[in-house]
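If you want the building blocks of each chain, they are given just below.
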Amino acid sequence: MNNLIIIGSGPAGLTSAIYASRAQLNPIVIEGMEPGGQLTTTTVVENWPGYPDGVDAQTLMNNMREQAKRFGTEFISGEVKKIDLKKEPFTLTVGTEKRDTNAVIIATGASPKMLGLSEEKKLIGRGVSTCATCDGFFFREKEVLVVGGGDTAMEEAIYLSTLAKNVTVIHRRDELRASKIMQQKAKRIKNINFTWDSVVVEIHDLHKNTVTGASIKNIRTGKVFLKECDGIFIGLGHIPNTDFLINQLELDKNGFILTRNGSKTSVPGVFAAGDVSDPVYKQAITSAGKGCMAALDAEKFIQGLE
Ligand code: NDP
(Lines give C-alpha, C1' and ligand atoms only; values in the text may rest on other atoms or scores of the structure.)
Protein backbone atom coordinates (compact mmCIF):
# COMPACT_ATOMS: atom_id res chain seq x y z
CA MET A 1 0.00 0.00 0.00
CA ASN A 2 1.33 3.42 -0.95
CA ASN A 3 0.51 6.75 0.62
CA LEU A 4 0.72 8.88 -2.50
CA ILE A 5 1.34 8.12 -6.16
CA ILE A 6 2.16 10.99 -8.52
CA ILE A 7 1.54 10.27 -12.20
CA GLY A 8 3.80 12.33 -14.44
CA SER A 9 7.29 13.81 -14.15
CA GLY A 10 7.05 17.29 -15.68
CA PRO A 11 7.28 20.49 -13.59
CA ALA A 12 3.89 19.73 -11.94
CA GLY A 13 4.67 16.13 -11.00
CA LEU A 14 8.22 16.84 -9.79
CA THR A 15 7.25 19.91 -7.78
CA SER A 16 4.52 17.92 -6.05
CA ALA A 17 7.12 15.19 -5.41
CA ILE A 18 9.53 17.70 -3.81
CA TYR A 19 6.81 19.02 -1.48
CA ALA A 20 5.32 15.59 -0.71
CA SER A 21 8.68 13.96 0.04
CA ARG A 22 9.72 16.85 2.30
CA ALA A 23 6.40 16.31 4.12
CA GLN A 24 7.43 12.64 4.66
CA LEU A 25 4.60 11.28 2.50
CA ASN A 26 6.94 8.80 0.74
CA PRO A 27 5.61 9.59 -2.73
CA ILE A 28 6.17 7.42 -5.77
CA VAL A 29 6.44 9.11 -9.17
CA ILE A 30 5.38 7.13 -12.25
CA GLU A 31 7.53 8.86 -14.84
CA GLY A 32 5.51 8.19 -18.01
CA MET A 33 6.69 7.86 -21.58
CA GLU A 34 8.39 11.28 -21.65
CA PRO A 35 10.34 11.64 -18.38
CA GLY A 36 10.72 15.34 -17.58
CA GLY A 37 7.61 16.16 -19.62
CA GLN A 38 7.06 18.49 -22.53
CA LEU A 39 9.80 20.92 -21.50
CA THR A 40 12.43 18.35 -22.45
CA THR A 41 11.40 18.78 -26.09
CA THR A 42 12.69 22.35 -26.07
CA THR A 43 16.23 23.71 -25.66
CA VAL A 44 16.63 26.85 -23.54
CA VAL A 45 14.05 28.06 -21.01
CA GLU A 46 14.26 31.82 -20.53
CA ASN A 47 11.16 32.42 -18.41
CA TRP A 48 11.91 30.18 -15.42
CA PRO A 49 12.57 32.64 -12.58
CA GLY A 50 16.05 32.71 -11.11
CA TYR A 51 18.06 32.16 -14.30
CA PRO A 52 18.88 35.56 -15.82
CA ASP A 53 20.72 33.89 -18.74
CA GLY A 54 18.14 31.13 -19.25
CA VAL A 55 18.55 27.47 -18.36
CA ASP A 56 18.91 24.34 -20.46
CA ALA A 57 15.51 22.59 -20.29
CA GLN A 58 16.94 19.09 -19.76
CA THR A 59 19.20 20.37 -16.97
CA LEU A 60 16.26 22.11 -15.29
CA MET A 61 14.20 18.92 -15.32
CA ASN A 62 17.13 16.71 -14.21
CA ASN A 63 17.73 19.08 -11.30
CA MET A 64 14.06 18.94 -10.25
CA ARG A 65 14.23 15.12 -10.35
CA GLU A 66 17.42 15.07 -8.26
CA GLN A 67 15.84 17.48 -5.77
CA ALA A 68 12.79 15.21 -5.37
CA LYS A 69 15.05 12.13 -5.07
CA ARG A 70 17.17 13.79 -2.38
CA PHE A 71 14.11 13.96 -0.11
CA GLY A 72 13.23 10.32 -0.71
CA THR A 73 10.92 10.26 -3.74
CA GLU A 74 10.90 6.87 -5.46
CA PHE A 75 10.73 6.81 -9.27
CA ILE A 76 9.17 4.11 -11.42
CA SER A 77 9.57 4.20 -15.18
CA GLY A 78 6.47 3.23 -17.11
CA GLU A 79 3.01 4.41 -17.95
CA VAL A 80 -0.25 4.07 -16.04
CA LYS A 81 -2.47 2.04 -18.34
CA LYS A 82 -5.47 1.73 -16.06
CA ILE A 83 -6.76 3.34 -12.90
CA ASP A 84 -9.64 2.52 -10.58
CA LEU A 85 -10.79 5.56 -8.62
CA LYS A 86 -14.23 4.16 -7.81
CA LYS A 87 -13.16 2.59 -4.51
CA GLU A 88 -10.51 3.30 -1.88
CA PRO A 89 -7.67 2.50 -1.85
CA PHE A 90 -7.26 3.50 -5.49
CA THR A 91 -5.65 0.96 -7.81
CA LEU A 92 -3.24 1.79 -10.62
CA THR A 93 -1.91 -0.59 -13.23
CA VAL A 94 1.63 0.19 -14.39
CA GLY A 95 2.70 -2.26 -17.07
CA THR A 96 1.56 -5.60 -15.61
CA GLU A 97 1.93 -4.49 -11.99
CA LYS A 98 -0.94 -3.29 -9.77
CA ARG A 99 -0.40 -0.73 -7.02
CA ASP A 100 -2.76 0.48 -4.31
CA THR A 101 -2.58 4.02 -2.96
CA ASN A 102 -4.43 6.31 -0.54
CA ALA A 103 -4.06 9.41 -2.69
CA VAL A 104 -3.13 10.26 -6.28
CA ILE A 105 -1.80 13.38 -7.98
CA ILE A 106 -2.40 13.37 -11.72
CA ALA A 107 0.17 15.44 -13.62
CA THR A 108 0.19 13.71 -16.99
CA GLY A 109 0.26 16.91 -19.07
CA ALA A 110 -1.25 17.66 -22.45
CA SER A 111 0.36 16.85 -25.78
CA PRO A 112 0.43 19.53 -28.45
CA LYS A 113 -1.28 18.46 -31.67
CA MET A 114 1.33 18.28 -34.39
CA LEU A 115 1.16 18.32 -38.19
CA GLY A 116 2.73 14.89 -38.52
CA LEU A 117 5.65 15.98 -40.72
CA SER A 118 8.85 14.01 -40.14
CA GLU A 119 11.05 17.13 -39.82
CA GLU A 120 8.67 18.87 -37.38
CA LYS A 121 9.81 16.99 -34.26
CA LYS A 122 13.47 17.19 -35.25
CA LEU A 123 13.27 20.98 -35.51
CA ILE A 124 11.29 21.55 -32.34
CA GLY A 125 13.23 24.03 -30.20
CA ARG A 126 15.18 24.94 -33.34
CA GLY A 127 12.58 27.16 -34.94
CA VAL A 128 9.51 24.97 -34.57
CA SER A 129 7.51 25.71 -31.43
CA THR A 130 4.14 24.94 -29.88
CA CYS A 131 4.22 27.81 -27.39
CA ALA A 132 4.46 31.49 -28.32
CA THR A 133 4.65 32.65 -24.71
CA CYS A 134 7.64 30.35 -24.17
CA ASP A 135 9.56 30.94 -27.40
CA GLY A 136 8.23 34.17 -28.96
CA PHE A 137 11.07 36.21 -27.53
CA PHE A 138 13.57 34.33 -29.73
CA PHE A 139 11.78 35.70 -32.82
CA ARG A 140 11.94 39.43 -32.19
CA GLU A 141 11.80 41.31 -35.53
CA LYS A 142 11.71 37.99 -37.42
CA GLU A 143 9.31 36.33 -39.87
CA VAL A 144 7.12 33.67 -38.30
CA LEU A 145 4.28 31.39 -39.37
CA VAL A 146 1.41 30.23 -37.19
CA VAL A 147 -0.41 27.10 -38.34
CA GLY A 148 -4.09 26.66 -37.42
CA GLY A 149 -7.34 28.56 -37.40
CA GLY A 150 -8.71 28.13 -33.87
CA ASP A 151 -8.46 30.26 -30.73
CA THR A 152 -5.06 28.78 -29.90
CA ALA A 153 -3.65 29.87 -33.28
CA MET A 154 -5.18 33.37 -32.94
CA GLU A 155 -3.82 33.75 -29.44
CA GLU A 156 -0.35 32.70 -30.62
CA ALA A 157 -0.52 35.06 -33.62
CA ILE A 158 -1.66 38.03 -31.51
CA TYR A 159 1.08 37.42 -28.94
CA LEU A 160 3.75 37.01 -31.63
CA SER A 161 2.64 40.15 -33.47
CA THR A 162 4.04 42.24 -30.62
CA LEU A 163 7.50 40.69 -31.05
CA ALA A 164 7.95 39.44 -34.61
CA LYS A 165 8.25 41.57 -37.73
CA ASN A 166 5.50 39.66 -39.53
CA VAL A 167 3.19 36.83 -38.60
CA THR A 168 1.57 34.74 -41.33
CA VAL A 169 -1.29 32.48 -40.30
CA ILE A 170 -1.51 29.37 -42.47
CA HIS A 171 -5.00 27.89 -42.34
CA ARG A 172 -6.36 24.91 -44.26
CA ARG A 173 -9.76 26.50 -44.91
CA ASP A 174 -10.94 29.97 -45.99
CA GLU A 175 -12.66 30.70 -42.69
CA LEU A 176 -11.36 30.59 -39.16
CA ARG A 177 -12.68 28.29 -36.45
CA ALA A 178 -11.70 30.80 -33.74
CA SER A 179 -14.29 32.77 -31.76
CA LYS A 180 -15.50 35.94 -33.51
CA ILE A 181 -13.83 38.23 -30.98
CA MET A 182 -10.41 36.59 -31.44
CA GLN A 183 -10.82 36.63 -35.22
CA GLN A 184 -11.61 40.34 -35.21
CA LYS A 185 -8.73 41.09 -32.90
CA ALA A 186 -6.22 39.20 -35.06
CA LYS A 187 -7.54 40.61 -38.33
CA ARG A 188 -7.18 44.17 -37.06
CA ILE A 189 -3.45 43.76 -36.36
CA LYS A 190 -1.37 45.12 -39.24
CA ASN A 191 1.52 42.66 -39.14
CA ILE A 192 -0.71 39.55 -39.06
CA ASN A 193 -1.44 38.17 -42.56
CA PHE A 194 -3.53 35.18 -43.53
CA THR A 195 -2.78 32.52 -46.13
CA TRP A 196 -6.04 30.65 -46.71
CA ASP A 197 -6.80 27.14 -47.99
CA SER A 198 -3.21 26.19 -47.37
CA VAL A 199 -1.20 23.57 -45.52
CA VAL A 200 2.47 23.19 -44.62
CA VAL A 201 3.84 20.22 -46.55
CA GLU A 202 7.53 20.53 -45.63
CA ILE A 203 9.60 22.47 -43.11
CA HIS A 204 13.12 23.59 -44.14
CA ASP A 205 15.98 23.10 -43.35
CA LEU A 206 16.87 19.85 -41.63
CA HIS A 207 20.45 20.00 -42.97
CA LYS A 208 21.02 23.36 -41.32
CA ASN A 209 19.29 22.13 -38.15
CA THR A 210 17.19 25.30 -38.03
CA VAL A 211 14.03 26.67 -39.62
CA THR A 212 14.59 28.69 -42.80
CA GLY A 213 11.15 28.35 -44.39
CA ALA A 214 8.26 26.09 -45.30
CA SER A 215 6.73 24.65 -48.44
CA ILE A 216 3.08 25.67 -48.45
CA LYS A 217 0.49 23.98 -50.61
CA ASN A 218 -2.73 25.65 -51.67
CA ILE A 219 -5.18 22.79 -51.40
CA ARG A 220 -7.61 24.30 -53.94
CA THR A 221 -5.06 24.86 -56.74
CA GLY A 222 -2.47 22.24 -55.71
CA LYS A 223 0.24 24.86 -56.16
CA VAL A 224 3.22 24.65 -53.78
CA PHE A 225 5.32 27.70 -52.92
CA LEU A 226 8.24 28.37 -50.62
CA LYS A 227 7.66 30.78 -47.74
CA GLU A 228 10.86 31.90 -46.06
CA CYS A 229 10.59 32.31 -42.30
CA ASP A 230 12.58 32.00 -39.07
CA GLY A 231 10.01 30.26 -36.94
CA ILE A 232 6.91 28.09 -37.22
CA PHE A 233 4.39 27.96 -34.40
CA ILE A 234 2.08 24.96 -34.49
CA GLY A 235 -1.17 26.31 -33.05
CA LEU A 236 -3.48 23.33 -33.41
CA GLY A 237 -4.24 23.02 -29.69
CA HIS A 238 -3.48 20.36 -27.12
CA ILE A 239 -4.77 16.90 -26.26
CA PRO A 240 -4.81 16.36 -22.48
CA ASN A 241 -3.38 12.98 -21.52
CA THR A 242 -6.54 11.75 -19.83
CA ASP A 243 -7.60 8.71 -21.89
CA PHE A 244 -7.07 6.43 -18.90
CA LEU A 245 -9.37 8.63 -16.76
CA ILE A 246 -12.53 8.48 -18.86
CA ASN A 247 -15.50 7.51 -16.61
CA GLN A 248 -13.27 7.89 -13.53
CA LEU A 249 -13.10 11.67 -13.06
CA GLU A 250 -15.00 14.75 -14.24
CA LEU A 251 -13.38 16.10 -17.39
CA ASP A 252 -14.34 19.15 -19.48
CA LYS A 253 -15.59 18.82 -23.06
CA ASN A 254 -12.01 18.82 -24.38
CA GLY A 255 -10.83 16.19 -21.88
CA PHE A 256 -9.04 18.45 -19.34
CA ILE A 257 -9.53 17.45 -15.68
CA LEU A 258 -11.88 19.80 -13.85
CA THR A 259 -10.46 21.06 -10.54
CA ARG A 260 -11.95 23.18 -7.77
CA ASN A 261 -10.68 24.67 -4.50
CA GLY A 262 -7.08 24.39 -5.60
CA SER A 263 -6.18 21.01 -7.08
CA LYS A 264 -9.18 18.94 -5.96
CA THR A 265 -10.91 16.80 -8.59
CA SER A 266 -14.39 15.25 -8.50
CA VAL A 267 -12.99 12.31 -6.46
CA PRO A 268 -11.77 13.04 -2.89
CA GLY A 269 -8.13 11.96 -2.58
CA VAL A 270 -7.41 12.55 -6.26
CA PHE A 271 -5.68 15.81 -7.19
CA ALA A 272 -4.61 17.27 -10.51
CA ALA A 273 -1.81 19.64 -11.47
CA GLY A 274 -0.23 21.07 -14.60
CA ASP A 275 -1.37 21.12 -18.21
CA VAL A 276 -3.69 18.12 -17.73
CA SER A 277 -6.03 20.41 -15.80
CA ASP A 278 -5.12 23.72 -17.44
CA PRO A 279 -6.61 24.62 -20.82
CA VAL A 280 -5.52 28.25 -20.40
CA TYR A 281 -2.00 29.03 -19.10
CA LYS A 282 0.05 25.88 -19.83
CA GLN A 283 3.33 27.28 -18.50
CA ALA A 284 6.04 25.37 -16.64
CA ILE A 285 5.85 27.82 -13.75
CA THR A 286 2.05 27.62 -13.41
CA SER A 287 2.32 23.83 -13.54
CA ALA A 288 4.94 23.85 -10.80
CA GLY A 289 2.71 26.15 -8.71
CA LYS A 290 -0.23 23.82 -9.02
CA GLY A 291 2.06 20.85 -8.29
CA CYS A 292 2.85 22.50 -4.97
CA MET A 293 -0.87 23.02 -4.28
CA ALA A 294 -1.63 19.40 -5.12
CA ALA A 295 1.01 18.12 -2.68
CA LEU A 296 -0.32 20.36 0.12
CA ASP A 297 -3.91 19.26 -0.65
CA ALA A 298 -2.85 15.59 -0.71
CA GLU A 299 -1.02 16.00 2.61
CA LYS A 300 -4.18 17.34 4.29
CA PHE A 301 -6.25 14.51 2.80
CA ILE A 302 -3.81 11.81 3.95
CA GLN A 303 -3.70 13.31 7.45
CA GLY A 304 -7.49 13.16 7.53
CA LEU A 305 -7.80 16.92 7.82
CA GLU A 306 -10.10 17.19 4.76
P1 NDP B 1 -9.54 23.91 -32.22
O2 NDP B 1 -9.81 22.46 -32.41
O3 NDP B 1 -10.65 24.83 -31.95
O4 NDP B 1 -8.78 24.46 -33.52
C5 NDP B 1 -7.74 23.74 -34.13
C6 NDP B 1 -7.42 24.42 -35.45
O7 NDP B 1 -6.34 23.73 -36.05
C8 NDP B 1 -8.58 24.39 -36.44
O9 NDP B 1 -8.64 25.60 -37.13
C10 NDP B 1 -8.21 23.22 -37.37
O11 NDP B 1 -8.66 23.43 -38.70
C12 NDP B 1 -6.71 23.29 -37.35
N13 NDP B 1 -6.11 21.97 -37.57
C14 NDP B 1 -6.29 20.84 -36.82
N15 NDP B 1 -5.53 19.84 -37.31
C16 NDP B 1 -4.87 20.34 -38.37
C17 NDP B 1 -3.93 19.79 -39.29
N18 NDP B 1 -3.50 18.54 -39.20
N19 NDP B 1 -3.46 20.59 -40.26
C20 NDP B 1 -3.87 21.89 -40.37
N21 NDP B 1 -4.75 22.47 -39.53
C22 NDP B 1 -5.24 21.70 -38.55
O23 NDP B 1 -8.40 23.97 -31.07
P24 NDP B 1 -7.96 25.22 -30.17
O25 NDP B 1 -6.84 24.73 -29.34
O26 NDP B 1 -7.73 26.40 -31.00
O27 NDP B 1 -9.22 25.48 -29.23
C28 NDP B 1 -9.72 24.43 -28.38
C29 NDP B 1 -10.72 25.01 -27.38
O30 NDP B 1 -10.02 25.85 -26.46
C31 NDP B 1 -11.78 25.87 -28.05
O32 NDP B 1 -12.97 25.69 -27.36
C33 NDP B 1 -11.27 27.27 -27.86
O34 NDP B 1 -12.29 28.24 -27.87
C35 NDP B 1 -10.57 27.18 -26.51
N36 NDP B 1 -9.48 28.17 -26.41
C37 NDP B 1 -9.79 29.42 -25.99
C38 NDP B 1 -8.83 30.39 -25.91
C39 NDP B 1 -9.21 31.74 -25.48
O40 NDP B 1 -10.38 32.01 -25.30
N41 NDP B 1 -8.28 32.65 -25.27
C42 NDP B 1 -7.43 30.14 -26.27
C43 NDP B 1 -7.20 28.80 -26.76
C44 NDP B 1 -8.21 27.87 -26.83
P45 NDP B 1 -10.23 23.37 -39.06
O46 NDP B 1 -10.79 24.65 -38.56
O47 NDP B 1 -10.24 23.26 -40.54
O48 NDP B 1 -10.76 22.15 -38.37
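As the structure is a computational prediction, the values presented were derived from the model and not from experiment.

Caption draft 1: The domain arrangement of the protein chain, seen in detail. The domain boundaries assigned to the protein chain delineate domain 1 (2–111 + 238–302) and domain 2 (114–234). For domain 1 and domain 2, the distance between their C-alpha centres works out to 31 Å. Contacts between domain 1 and domain 2 engage nine residues on the former and ten residues on the latter. Both faces combined, the contact of domain 1 with domain 2 buries some 710 Å², and carbon together with sulfur accounts for 44% of it. Among the residues of domain 1 in contact with domain 2, Thr 43, Glu 46 and Gln 283 are the three that bury the most area, contributing 45% of the side total. If you look at where domain 1 meets domain 2, you find zero salt bridges.

Caption draft 2: Broad picture of the site of the ligand. Taken together, 15 residues lie around the ligand, and Asp 151, Thr 152, Glu 155, Arg 173 and Arg 177 are the ones closest in. One nitrogen or oxygen atom from the main chain of Gly 150 is found 3.3 Å from an oxygen atom belonging to the ligand. Here Asp 151 contributes a side-chain N or O atom positioned 2.6 Å from an oxygen atom of the ligand. Protein burial of the ligand: of its 910 Å² of free accessible surface, 69% is covered by the chains. Considered class by class, the residues forming the shell around the ligand number two nonpolar, seven polar and six charged.

Caption draft 3: Inspection of the environment of Ala 153 at higher detail. The topology assignment puts Ala 153 in helix H5 (residues 151–161). Accessibility expressed as a relative area gives 0% for Ala 153, which makes it buried. Measuring from C-alpha to C-alpha, the distance between Ala 153 and Ala 186 comes to 9.8 Å, with 33 residues separating the pair along the chain. What Ala 153 contacts, discounting residues up to four positions off in sequence, is Val 146, Val 147, Gly 148 and Gly 235.

Caption draft 4: Spotlight on the packing of helix H1 (residues 11–22) against helix H7 (residues 284–302). As a packed pair, H1 and H7 sit with axes 7 Å apart at the nearest point and diverge in direction by 35 degrees. The interaxial crossing formed by H1 with H7 has right-handed handedness. Contact with H1, carried on its side by Pro 11, Ala 12, Thr 15, Ser 16, Tyr 19 and Ala 20, involves Ala 284, Ser 287, Ala 288, Gly 291, Cys 292, Ala 295 and Leu 296 of H7 and no other residues of that element. Counted by class, the contact of H1 with H7 contains nine nonpolar, four polar and no charged residues.

Caption draft 5: Region of the structure containing the pairing of strand S16 (residues 224–228). For strand S15 (residues 213–218) and S16, the ladder comprises five bridges, and the chain directions are antiparallel. Bridge assignment links Ser 215 to a residue of S16, and that residue is Leu 226. In this structure, the hairpin formed by S15 and S16 is closed by a connection of five residues, where Gly 222 is found at a positive phi of approximately 80 degrees.

Caption draft 6: Up close: unusual backbone geometry. In this model, Glu 88 is joined to Pro 89 through a cis peptide bond whose omega is -5 degrees. Structurally, the position occupied by Pro 89 is in the loop between strand S6 (80–84) and strand S7 (90–94). Look at Asn 26: it is not a glycine, yet its phi comes out positive at around 50 degrees. As for its position among the elements, Asn 26 is in the loop between H1 and strand S2 (28–30). With a phi angle near 50 degrees, Asp 197 is a residue other than glycine that sits in the positive phi range. Relative to the helices and strands, Asp 197 is located in the loop between strand S13 (192–195) and strand S14 (198–204). What makes Asp 197 buried here is its relative accessible area of 11%.

Caption draft 7: Inspection of the packing of H5 against helix H6 (residues 180–188) at higher detail. Viewed as axis vectors pointing N to C, H5 and H6 meet at an angle of 30 degrees, and their least axial separation amounts to 10 Å. By the angle class used here, H5 and H6 are roughly parallel. Classified by chirality, the crossing of H6 by H5 is left-handed. For the pair H5 and H6, the contacting residues are Asp 151, Met 154, Glu 155 and Ile 158 in the first and Met 182, Lys 185 and Ala 186 in the second.

Caption draft 8: Layout of the sheet that holds strand S12 (residues 166–170). Across the sheet, which stays open at both edges, the five strands sit in the order S10-S17-S11-S12-S13 with parallel pairing between neighbours. Two strands lie at the open edges of the sheet, namely strand S10 (128–129) and S13, each paired on one side alone. Here strand S11 (residues 143–147) runs beside strand S17 (residues 231–234); their pairing, made up of four bridges, is parallel. Paired with Leu 145 across the strands is Ile 232, a residue of S17. This element, H5, spans S11, S12, S13 and S17 of the sheet and lies at about 165 degrees to S11.

Scoring rules and cut-offs
- Residues numbered from 1 in each chain as written.
- Predicted model: local features only at pLDDT ≥ 70, side-chain atom pairs only at ≥ 80, totals over all residues.
- Heavy atoms only, no water.
- Domains from an automatic or database assignment.
- Contact = heavy atoms within 4.5 Å.
- Buried area = accessible area lost by both parts, 1.4 Å probe.
- Salt bridge = Lys/Arg side-chain N within 4 Å of Asp/Glu carboxyl O.
- Near = heavy atom within 4 Å.
- Polar contact = N/O pair within 3.5 Å; in protein donor to acceptor, adjacent residues only side chain to side chain.
- Areas by Shrake-Rupley, 256 points an atom, 1.4 Å probe, with all protein chains shown as cover.
- Nonpolar A, V, L, I, M, F, W, Y, C, P; charged D, E, K, R; others polar.
- Helix = DSSP H or I, 4+ residues; strand = E, 2+ residues; numbered from the N terminus.
- Buried < 20%, exposed > 50% of the residue type's maximum accessible area, 1.4 Å probe, protein only.
- Axes fitted to C-alpha atoms, helices over the stretch in contact; angles between N-to-C directions.
- Left-handed = near helix turned anticlockwise from the far one by under 90°.
- Pairing = 2+ DSSP bridges.
- Parallel < 35°, antiparallel > 145°, perpendicular 65-115°, else oblique.

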